[in-house]
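Analysis of the macromolecular model
Residues per chain, in single letters:
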Amino acid sequence: MSALAAAPVLGSAPVLTALAETLTETGRTTTGEAVLFWVIAPVMVVAALGLLFARKAVHAALSVVLVMISLAFLYVAQDAVFLGIVQVVVYTGAVMMLFLFVLMLVGVDASDTLVETIRGQRWIGWLAGVGLGAVLVGVVGGTVYAPATGLAEANADSNPVGVARLVFGEYVFAFEVVGALLVTAALGALVLTHHERLLPRRGQRERADARVKAGATLTPPPAPGVYAQRNAMDVPALDPQGRPLEHSVSRVLRARGQAADAPPVLPAADADEGSRR
Amino acid sequence: MSVLAATGGAVAPVVADFSQDTWWVWVLKAVGIVAFLLTSVLIAIWFERRVVARMQVRPGPNVHGPFGLLQSLADAMKLLVKEDVTVRAADKLVYVLAPMIAVFCSLLTLAVIPFGPEVSIFGVLTPLQLTDFPVAVLYILACASVGVYGIVLGGWASNSTYPLLGGVRSTAQVISYELAMGLSLVSVFIMSGSMSTSQIVDAQRPVWWLLPLLPAFVLYVVSMVGETNRLPFDLPEAEGELVGGYTTEYSSMKFAWFFLAEYINMLNVSAVATTLFLGGWRAPWPLSLVGDGVLNTGWWPVLWFLAKVWGFMFLFVWIRGSVLRFRYDQFMKLGWKVLIPVALVWVVCVAVVQGLRQFVDVDLRTLLFGIAGVFAVVFVVALVWPDAKRPQPPRRRGPQVVDPFADGYPVPPLPGQALPPSPRRARAMAAAPAAGPSGQRAADRSADHPADRPTDESPTQEVSP
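Residues numbered from 1 in each chain as written. Chains lettered and ligands numbered in written order. Predicted model: local features only at pLDDT ≥ 70, side-chain atom pairs only at ≥ 80, totals over all residues.

**Things to note about the overall build of chain B**
The number of helices and strands found in chain B is 16 helices and 4 strands. Among the 465 residues that make up chain B, the fraction classed as buried is 38%. In chain B, the proportion of contacts linking residues at least 24 apart, taken out of those at least 6 apart, comes to 74%. (Helix = DSSP H or I, 4+ residues; strand = E, 2+ residues; numbered from the N terminus. Buried ≥ 20, exposed ≤ 12 C-beta atoms within 10 Å, placed from the backbone. Contact = placed C-beta atoms within 7 Å.)

**Digging into the overall build of chain A**
Counting its secondary structure elements, chain A contains 12 helices and 2 strands. Ordering the α and β elements of chain A from the N terminus gives α-α-α-α-α-α-α-α-α-α-β-β-α-α. Counting across all 277 residues of chain A, residues that qualify as buried make up 21%. For chain A, long-range pairs separated by at least 24 residues make up 52% of all intrachain contacts whose partners lie at least 6 apart in sequence.

**Some remarks on unusual backbone geometry**
All names here are of chain B. One non-glycine residue, F67, adopts positive backbone phi at about 60°. Its location among the elements puts F67 in the loop between α2 (23-55) and α3 (71-81). Positive phi values are uncommon outside glycine, yet S252 reaches one of about 55°. With respect to the element layout, S252 can be found in helix α10 (residues 252-277).

**Looking at the interface of chain B and chain A**
On the side of chain A, 38 residues touch chain B, which itself brings 36 residues to the contact. Contributing elements (two or more residues each) for the side of chain B that touches chain A: α1 (2-7), α5 (136-157) and α6 (161-192) of chain B. If one sorts the elements of the side of chain B that touches chain A by residue count, α5 of chain B sits on top with 10 residues. Residues of the side of chain B that touches chain A, tallied by class, amount to 25 nonpolar, 8 polar and 3 charged. (Nonpolar A, V, L, I, M, F, W, Y, C, P; charged D, E, K, R; others polar.)

**Let's talk about helix α4 (residues 57-77) of chain A**
Residue and element names in this part refer to chain A. Across its 21 residues, α4 extends 31 Å between first and last C-alpha, which sits within 8% of the 30 Å expected from 1.5 Å per residue. α4 sits mainly inside the fold: 15 of its 21 residues count as buried. Trailing α4 by a residue or two, D79 shows a phi angle of about 70°, which is positive. (Expected span 1.5 Å × (residues − 1).)

**Describing the domain arrangement of chain A**
Residues and elements named next belong to chain A. Domain assignment breaks chain A into domain 1 (2-111 + 120-151), domain 2 (157-195) and domain 3 (222-276). Secondary-structure elements contributing two or more residues to the side of domain 1 that touches domain 2 are α1 (2-5) and α5 (81-104). Here the residues of the side of domain 1 that touches domain 2 sort into 6 nonpolar, 1 polar and 1 charged. (Domains from an automatic or database assignment.)

**What to know about the nonpolar core**
With 136 residues, the main nonpolar core has I85 of chain A together with L138 of chain B as its most contacted residues. Not counting chain neighbours up to four residues away, the residues in contact with I85 of chain A comprise A72 of chain A together with V135, L138, Y139 and A142 of chain B. (Core = buried A, V, L, I, M, F, W, Y, C linked by C-beta atoms within 7 Å.)

**Remarks on the environment of F277 of chain B**
Residues and elements named next belong to chain B. Along the polypeptide, F277 turns up in helix α10. A C-alpha to C-alpha distance of 9.5 Å links F277 and Y220, two positions 57 residues apart in sequence. Those residues in contact with F277 that lie beyond four places of it in its chain are W208, W209, L210, L213, F217 and Y220.

**Regarding the confidence of the model for chain A**
Residues and elements named next belong to chain A. Mean pLDDT over chain A: 79, with 80% of residues reaching 70 or higher. For chain A, α1 is the element with the lowest average pLDDT, namely 39, and helix α9 (residues 172-193) is the one with the highest, namely 93. For residues 1-13, every residue scores under 50 in pLDDT, and the model assigns this stretch 22 contacts once sequence neighbours within four places are set aside. The low-confidence segment residues 269-277 (pLDDT under 50) makes 5 contacts with residues lying over four places distant or belonging to another chain. (pLDDT = per-residue confidence, 0-100.)

**Focus: the environment of P284 of chain B**
Residue and element names in this part refer to chain B. Topologically, P284 is positioned in the loop between α10 and α11 (285-288). On the neighbour-count criterion, P284 (13 C-beta atoms within 10 Å) is partly exposed. P284 sits 12 residues away from N296 along the chain, and the two C-alpha atoms are 9.6 Å apart.

**Remarks on the pairing of strand β2 (residues 124-128) of chain B**
Residue and element names in this part refer to chain B. As defined by bridge partners, strand β1 (residues 116-121) adjoins β2 across 5 bridges and the pair is classed as antiparallel. From the neighbouring strand, I121 faces β2, where its bridge partner is V124. Here β1 folds back onto β2, and the loop between the two strands holds 2 residues, one of which, F122, carries a positive phi near 50°. (Pairing = 2+ DSSP bridges.)

**Thoughts on the packing of α6 of chain B against helix α8 (residues 214-227) of chain B**
Residue and element names in this part refer to chain B. The contact between α6 and α8 brings their axes to 9 Å, and the two run at 150°. With respect to each other, α6 and α8 are oriented roughly antiparallel. Taken as a pair, α6 and α8 cross one another with a handedness that is left-handed. Side by side, α6 and α8 meet where Q173, Y177, A180, M181, S184, L185, S187 and V188 of the first sit next to A216, L219, Y220, S223, M224, G226 and E227 of the second. Of the residues that constitute the contact of α6 with α8, the class distribution is 9 nonpolar, 5 polar and 1 charged. (Axes fitted to C-alpha atoms, helices over the stretch in contact; angles between N-to-C directions. Parallel < 35°, antiparallel > 145°, perpendicular 65-115°, else oblique. Left-handed = near helix turned anticlockwise from the far one by under 90°.)

**Quick word on the confidence of the model for chain B**
Mean pLDDT for chain B: 81, with 88% of residues reaching 70 or above. Below a pLDDT of 50 lies the segment residues 438-465 of chain B, which in the model reaches 28 contacts outside its immediate sequence neighbourhood of four places, other chains included.

**Quick word on the UniProt feature "transmembrane region" (unreviewed entry) in chain A**
All names here are of chain A. Here the UniProt feature "transmembrane region" (unreviewed entry) sits at residues 36-53, 60-77, 89-111, 123-148 and 168-192. Secondary structure across residues 36-53 comprises 100% helix and 0% strand; the distance between its end C-alpha atoms is 26 Å. Across residues 60-77, helical content stands at 100% and strand content at 0%; the span's end C-alpha atoms are separated by 26 Å. (UniProt positions renumbered as here; feature names shortened; annotations may be inferred.)

As structure tokens, then:
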């Protein structure tokens, strides 16, 4: 995955062109690739700006998705098929989906507030951003590219095999270190969110048992209008003895005084019931 | 994928040979795939309704056209001319975009599925496959994972509670089930030594991966049902709980697109399962021997491929007809606590076996016998290993007396259990000598009207004589 970790670094257009030039065999891009680049690059730039300026969090997330997919196109165009497609599977399919999972709970009408929750947050953000930019410029500017071997040779045994040779051969130590780091982070998340259960878990079964024990009504409450003269919402249902069940009518209607009085049907049965009691 | 073909400098080592393809072959294949998918969806809807109806002992659609075959066409027309409602509170752009994403991504997958070996199309020798490249199966996964965005965004953009819940469920579902799906595919990659679909089909020449990789196949089938949001995993839609889930606020053609995407996805995962585990277009066993494998050449394989795909479609319908929807927590538990651990263990096992085959000079037969031996030893040891002494409850003699109202609700005694003696019966017996037959009648009457029972009486059930 260390190859993947480099993906965001390659995200800016000049770096891409520089890399494209060094990586292709002849040192210059083909026409098709150039057309593709000039079509996709503006889309990516607009989408990346959308991330910064979108008011809704989900729109920002969608902009990132667009950038990622366009980036995958560029990777594929440069014969980095594995990298391009794995980026979509891992970043777009899993990581951004996790982001969306959280963002969706924010709701469609909510937009970012510009109130700082942490004091000086904005300045720290600017500082970190400028610092990152400086580091990137320094690293990219100071890079000396070895003479290009050409993609045909790099991908001689198919692109995934070439990537695998690099990741599990030359960079295996970095790969293992990143793996250990990720496992540590996952364990840390588990430990930090773990809490002892103080009370026994109350599942569906326990709740059902408790309801039975308490003698509560086990069946769903009666719907309004059942066995009554009309089946409108405001007419109380009748019980087997023909007496109206007030609680079958919605609480709202009862509070407004809009529940209809249901004259008990079967007056004979009612009278009979009364006399027997 | 024309980008790939146009700019692919290095020739990717895949089995299928596309060197003779011309632009019109590409167009022909691409249009063919889309036409195949759209007509298959119409047939699939009819097929599902007829088969489910058959399982529920009713006729199903049988009015429009022969055997009701035109029913889906009529439904599609109805959806076309229905009013296209756009919810006012919706996020317009995303709301319109979401069904498009779902359909577009579902149409992409079949581009890398081999329908057959090399055939001659108007004099051009070409594999029956639009394209193939070294990471074709990963490309399928990528298309599927982007396609889920359609569902998720549709749920979010509707700005309504039930769709949002459906969308949130869908995100959680895709995160948990794609892991299991990807891991189950890894063992196929390891065995085939490639992620290109044509090479995976080629690697299944001796034996279909279904047999040696059975656990992976089972994992894939479970997660593919989850991936397509079909019962018992249709939680994002869940008519009984969420009205229509993410589709609730969609109508007319936008709804139809979601519907279309769901059915195309069913065809997609069926085709992927066929390609990866059932030998792709290869003829099934007795047929593959006919005429020295003549049924594995030319256009014949399309028939086997379609038969296998529709077998999976039948499986989908069968599952829908027989299994209830999972509760959400059970569904998550199944994904995270069963599927993913099993998939991980299985991948490690396959990797170890394959590694031994590759790096140690041992032939497969010895290796399999060795593994079987290890399992046999473990099995025997487990049999003779003394059980941990558990305190055995003392065995009672005679029936055990239970309180039938122990948890507040009357429960009849199980075999080997008896009810405590009924106090009412005891009273009746006590009254019988004094009052004669009339006392017995009184006891019977009180049994008819349980409400008349004195409240201080302990509630027990009468043992029938």
